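Residues per chain, in single letters:
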Amino acid sequence: MGVIHLASVGKRPGAVTSALSYFQHNKDNEAFSDVKGALIESVILFTSFEIFDGAVSVQECLNNQYGSINQTGLSWKNINVITAVKKFIETELIDIIPGKGGLSVCVVNPNDYNDCFKKIAEVVLYLSHQRVGKHIWANLTGGTNILNSALMEVAFLSGRIAKLYYTFLSDVEDYGNYLQPPSQDSTIFDWREIPFVKTNFDANYYKVLETLAEKKDWCEDLECLSKLKKMSTFNNLDLQDFRRRYLNRMDGREIVRNDYGHKNKISEYGLKILKHIQTPLFKSLLHWENTEEFTEQPSPFKVVWQKPKS
């Protein structure tokens, strides 16, 4: 079982290719010791329709020798970003990618968080189904902050992405057009892993919101707590603890309170959050429901290049 790399990409293909090049030349890195199969099995890019379609292209990208700015002789101008990544894989990585490995693309609106989250979650659920069990890593170097935030949230909520990483580049203006690491000096280029653990989702927090949403009107603190005490997890809370642990933290965000602070009502934002966490997609990420709805569908990404099986 090899590694499937998820990567956001914008106008600079080097944000993706430099990391792939790093893996190729640093297979013995201790950080990769848990990989049983190919360090690069496949790559799935998340990008905009304009990038995918070629309406926005890269003016120039230079294929340099690993660890230096010396040219290999290959360079492309005004090229589709996806095509540049594909050409790099075909040229530099063809020998290490296993048969049927390759490059795929999932088109998103990189400035719409909900669209990014939905499509990334669908891809992760599709790949991590128990009958597939892919080893997934995510590259957060390229693309928009919104897209990378969605990648991180899916990773934190699901625990299905094994590594989050990015490549550090000291000067994008000088080195941003290179497809491989321009230096072996870590102050100029470096591969860096982001340590993380799966988020512990606080279901009780959102039970408070559900109780207020069901009321559909102002609700006294004590009335709300009395309703919640039907669940054992709230049995040992007194009114002051309830206010301190939940209501005070929600005040001004998920709930609104009257002038005296003893009556509460769910806010529009709170209703929006509830709607978000009650979707089948969100519940599947948290393992609250089975994932068949998302894993039995056609692939949520488009294969643009695949290595023939030898």
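**Concerning the overall build of the protein**
Consideration 1: The helix and strand inventory of the protein stands at 12 helices and 12 strands.
Consideration 2: Residues counted as buried form 47% of the 310 residues belonging to the protein.
Consideration 3: Sequence-distant contacts in the protein: of pairs separated by 6 or more residues, those separated by 24 or more amount to 72%.
Consideration 4: Here the protein has roughly 15,600 Å² of accessible surface; of this, 46% comes from carbon and sulfur atoms.
Consideration 5: For the protein, the distance from the average site of its 36 positive side-chain charges to the average site of its 37 negative ones is 5 Å.

**Considering helix H1 (residues 14-25)**
Consideration 1: Here H1 is 12 residues long and its end C-alpha atoms lie 16 Å apart, about the 16 Å a rise of 1.5 Å per residue gives.
Consideration 2: Within H1, 11 of the 12 residues are buried, which leaves the element mostly enclosed by the surrounding structure.
Consideration 3: Within H1, burial applies to Gly 14, Ala 15, Val 16, Thr 17, Ser 18, Ala 19, Leu 20, Ser 21, Tyr 22, Phe 23 and Gln 24.
Consideration 4: Of the surrounding secondary structure, the elements contacted by the buried residues of H1 are strand E1 (3-8), strand E2 (42-47), helix H3 (81-93), strand E6 (135-139), strand E7 (163-169) and strand E8 (189-194).

**Some remarks on the sheet that holds strand E10 (residues 255-257)**
Consideration 1: Spatial strand order, E9-E11-E10: 3 strands in an open sheet with antiparallel pairing. Each edge of the open sheet is held by one strand with a lone partner, namely strand E9 (219-220) and E10.
Consideration 2: Relative to strand E11 (residues 263-266), E10 runs antiparallel, the two sharing 3 bridges. Bridge pairing in E11 links Ile 255 to Ile 266.
Consideration 3: Contacts from helix H9 (residues 239-250) reach E10 and E11, with the element oriented near 95° to E10.

**Some thoughts on the layout of surface pockets**
Over the atoms, a rolling probe the size of a water molecule traces out where space has been left empty.
Consideration 1: Considered as a void within the structure, the largest pocket measures approximately 580 Å³ in volume.
Consideration 2: Residue assignment for the lining of the largest pocket shows that the elements contributing at least two residues are helix H4 (113-127), helix H5 (145-158), helix H10 (268-277) and helix H11 (280-285).
Consideration 3: A total of 6 residues in the lining of the largest pocket trace back to one element, the largest contributor, which is H10.
Consideration 4: For the lining of the largest pocket, a count of residues per class yields 10 nonpolar, 5 polar and 7 charged.

**Let's talk about the nonpolar core**
Consideration 1: Counting residues in each nonpolar core, the largest one holds 51 residues, and the members touching the most others are Leu 6, Phe 46, Ile 120, Val 208 and Phe 242.
Consideration 2: In terms of residue count, H4 provides more of this core than any other element does, 8 residues in total.
Consideration 3: Residues within four places of Ile 120 in sequence aside, it is in contact with Phe 46, Leu 147, Ala 150, Leu 151 and Val 154.
Consideration 4: By size, the runner-up hydrophobic cluster in this structure holds 35 residues, among which are Val 16, Ala 19, Val 105 and Trp 305.

**Section: the pairing of E11**
Consideration 1: The alternating pattern of E11 places Asn 264 and Ile 266 on a buried face and Lys 263 and Lys 265 on a face that is not buried.
Consideration 2: When E9 meets E11, the two strands line up antiparallel, connected through 2 bridges. The partner of Glu 220 across the bridge, within E11, is Lys 263.

**What to know about the state of the cysteines**
Consideration 1: Enumeration over the complete set of coordinates arrives at 0 disulfides.
Consideration 2: Unpaired in this structure, Cys 106 has its nearest cysteine sulfur neighbour in Cys 116, at a distance of 9.2 Å.
Consideration 3: In this structure Cys 106 comes out as buried when scored by relative accessible area, which is 4%.
Consideration 4: Cysteine Cys 224 remains unbridged, with the sulfur of Cys 219 as its closest cysteine sulfur at 4.8 Å.
Consideration 5: Overall, Cys 224 belongs to the buried group, its relative accessible area being 0%.

**As for helix H8 (residues 221-228)**
Consideration 1: Taken as a whole, H8 has its buried residues at Asp 221, Cys 224, Leu 225 and Leu 228. Seen end-on, H8 carries its buried residues on one side only, within an arc spanning 95°.
Consideration 2: Taken together, the buried residues of H8 touch helix H7 (203-215), E9, H9, E10 and E11.

**Considering the confidence of the model for the protein**
Consideration 1: Per-residue confidence for the protein gives a mean pLDDT of 91, with 95% of residues at or over 70.
Consideration 2: Averaged pLDDT values for the elements of the protein fall to 68 in helix H12 (residues 292-295) and rise to 98 in E2.

So, how was this worked out
Residues numbered from 1 in each chain as written. Predicted model: local features only at pLDDT ≥ 70, side-chain atom pairs only at ≥ 80, totals over all residues. Heavy atoms only, no water. Helix = DSSP H or I, 4+ residues; strand = E, 2+ residues; numbered from the N terminus. Buried < 20%, exposed > 50% of the residue type's maximum accessible area, 1.4 Å probe, protein only. Contact = heavy atoms within 4.5 Å. Areas by Shrake-Rupley, 256 points an atom, 1.4 Å probe, with all protein chains shown as cover. Lys, Arg positive; Asp, Glu negative; His and termini not counted. Charge placed at Lys NZ, Arg CZ, Asp CG, Glu CD. Expected span 1.5 Å × (residues − 1). Pairing = 2+ DSSP bridges. Axes fitted to C-alpha atoms, helices over the stretch in contact; angles between N-to-C directions. 1 Å grid on protein atoms, 1.4 Å probe; cavity = no way out; pocket = protein on both sides within 12 Å on 5 of 7 lines; lining within 4 Å. Points joined across faces, edges and corners; volume = space filled by probe spheres on them. Nonpolar A, V, L, I, M, F, W, Y, C, P; charged D, E, K, R; others polar. Core = buried A, V, L, I, M, F, W, Y, C linked by side-chain atoms within 4.5 Å. Disulfide = S-S within 2.5 Å. Arc of directions from axis to C-beta. pLDDT = per-residue confidence, 0-100.

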